[in-house]
Amino acid sequence: MLPVYVSNHITDDMINQFVDSGESLVVNAGVISEQVVLPYLEEHFGCTGDRVDADGYDHLFENGIRNEHKKLAVRKTSAAAKNIGANKQGKCDTFSFHHPGTNSIYIIDAITFYNNAILNYDKTGNCWDVNFYYDMLLAGKGKRVGCNAWKNTEMLLNKASQIQLL
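Residues numbered from 1 in each chain as written. Predicted model: local features only at pLDDT ≥ 70, side-chain atom pairs only at ≥ 80, totals over all residues. Heavy atoms only, no water.

Asker: Got a minute to help me understand the pairing of strand E5 (residues 78-81) in this structure?
Answerer: Along any regular strand, the residues point their side chains to alternate faces of the sheet. Burial along E5 is two-sided: the residues Ser78 and Ala80 and Ala79 and Ala81 are all buried. Relative to E5, strand E4 (residues 73-74) runs antiparallel, the two being bridged by 2 bridges. Residue pairing in the sheet places Ala73 in a bridge with Ala80 of E5. Between E4 and E5, which follow one another and run antiparallel, lie 3 residues. (Buried < 20%, exposed > 50% of the residue type's maximum accessible area, 1.4 Å probe, protein only. Helix = DSSP H or I, 4+ residues; strand = E, 2+ residues; numbered from the N terminus. Pairing = 2+ DSSP bridges.)

If you want it as structure tokens, here you go:
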């Protein structure tokens with residue numbers, strides 16, 4: 001059996017509790033990401049929160065903030081968040097993007113996001129998505145100034161808070 005690294009937030013006690021339950025494990029990268037980033041978001045928002053399964057948001061904090069969390073899917077030069085169209089508008093206050101390319105979480109106000117993001121329609125998934133550069137750099141090989149990924153990356157760099165993960 002090969003070891004699998006999930007997170008330094010999963011303790012031996014958590015593993016033992018799961019094993020003792022005798023239940024099957026559902027592996028969902030999105031749900032794992034939602035749980036792993038929670039302590040970082042709690043520190044950022046200055047209050048405790050819970051992972052919830054609500055319509056339009058994934059975290060609810062003591063202060064009433066509803067956060068929609070997205071684990072970015074990584075491609076060769078970009079990172080994308082799926083299903084982020086009008087179905088989320090008005091239902092969340094902030095977005096957090098877990099960006100594996102920079103080992104960071106970017107947090108942005110939902111209104112700011114929708115006023116500035118350029119969304120792409122994915123015909124295959126029948127949903128809207130948003131793309132950022134994998135390395136979050138605006139200059140260098142393969143960078144096209146003014147393209148959607150460039151503008152969205154610039155938006156996160158200028159309008160979002162970044163939390164560097166350990």
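Asker: Honestly, the side chain of Thr102 in this entry has me stumped. Any pointers?
Answerer: Relative to the elements of secondary structure, Thr102 occurs in the loop between strand E6 (94-99) and strand E7 (104-109). Thr102 gets classed as buried once you look at its relative accessible area, which sits at 18%. When residues no more than four places from it in sequence are discounted, the contact partners of Thr102 are Tyr134, Asp135, Met136, Gln162 and Gln164. (Contact = heavy atoms within 4.5 Å.)

Asker: What is the right way to look at the pattern of salt bridges in this model?
Answerer: Proximity of charged atoms lets side chains of opposite charge pair with each other. In total, this model carries 8 salt bridges according to the counting rule given. Where Arg66 meets Asp93, a salt bridge forms, and the shortest distance between an N and an O atom there is 3.1 Å. Here Asp93 lies in the loop between E5 and E6 and Arg66 lies in strand E3 (residues 66-71), a separation of 27 residues in the sequence. We classify Arg66 as partly exposed; its relative accessible area is 24%. Two residues, Glu68 and Lys70, come together in a salt bridge whose shortest N-O distance is 3.5 Å. Of the two residues, Glu68 and Lys70, both sit in the buried class. (Salt bridge = Lys/Arg side-chain N within 4 Å of Asp/Glu carboxyl O.)

Asker: Can you help me understand the side chain of Glu68 in this one?
Answerer: Looking at the secondary structure, you find Glu68 in strand E3. Accessibility expressed as a relative area gives 3% for Glu68, which makes it buried. Contact partners of Glu68, with chain neighbours within four places excluded, come to Gly56, Tyr57, Asp58, Lys88, Cys92, Thr94, Phe95 and Ser96.

Asker: I'm lost on the pairing of E7 in this one. Help?
Answerer: Within E7, 5 of the 6 residues are buried, which leaves the element mostly enclosed by the surrounding structure. Here E6 runs beside E7; their pairing, made up of 6 bridges, is antiparallel. If you follow Phe95 over to E7, its bridge partner there is Ile108. Hairpin connection of E6 to E7: 4 residues between the antiparallel strands, including Asn103 at a positive phi of 50 degrees. Alignment of E7 against strand E10 (residues 161-164), held across 4 bridges, turns out to be antiparallel. Across the sheet, Ser104 pairs through a bridge with Gln164, a residue of E10.

Asker: So what exactly am I meant to see when it comes to the environment of Leu72 here?
Answerer: Its location among the elements puts Leu72 in the loop between E3 and E4. The exposure class assigned to Leu72 is buried, which follows from its relative accessible area of 3%. It is 9.1 Å that separates the C-alpha atoms of Leu72 and Gly30, two residues lying 42 residues apart in sequence. When neighbours within four sequence positions are excluded, Leu72 is seen to be in contact with Ala79, Ala80, Ala81, Phe97, His98, His99, Pro100 and Phe132.

Asker: Can you walk me through the nonpolar core in this structure?
Answerer: In this structure, Ile84, Phe95, Phe97, Ile108, Phe113, Phe132 and Leu156 are the most contacted members of the largest nonpolar core, which totals 20 residues. At the level of secondary structure, the elements contributing two or more residues to this core comprise E5, E6, E7, helix H3 (110-116), strand E9 (127-133) and helix H4 (148-159). In terms of residue count, the dominant contributor to this core is H3 (3 residues). Setting aside its immediate chain neighbours within four residues, Ile108 contacts Thr94, Phe95, Phe97, Phe113, Met155, Leu156, Lys159 and Ala160. (Core = buried A, V, L, I, M, F, W, Y, C linked by side-chain atoms within 4.5 Å.)

Geometric values such as these leave the question of function open.
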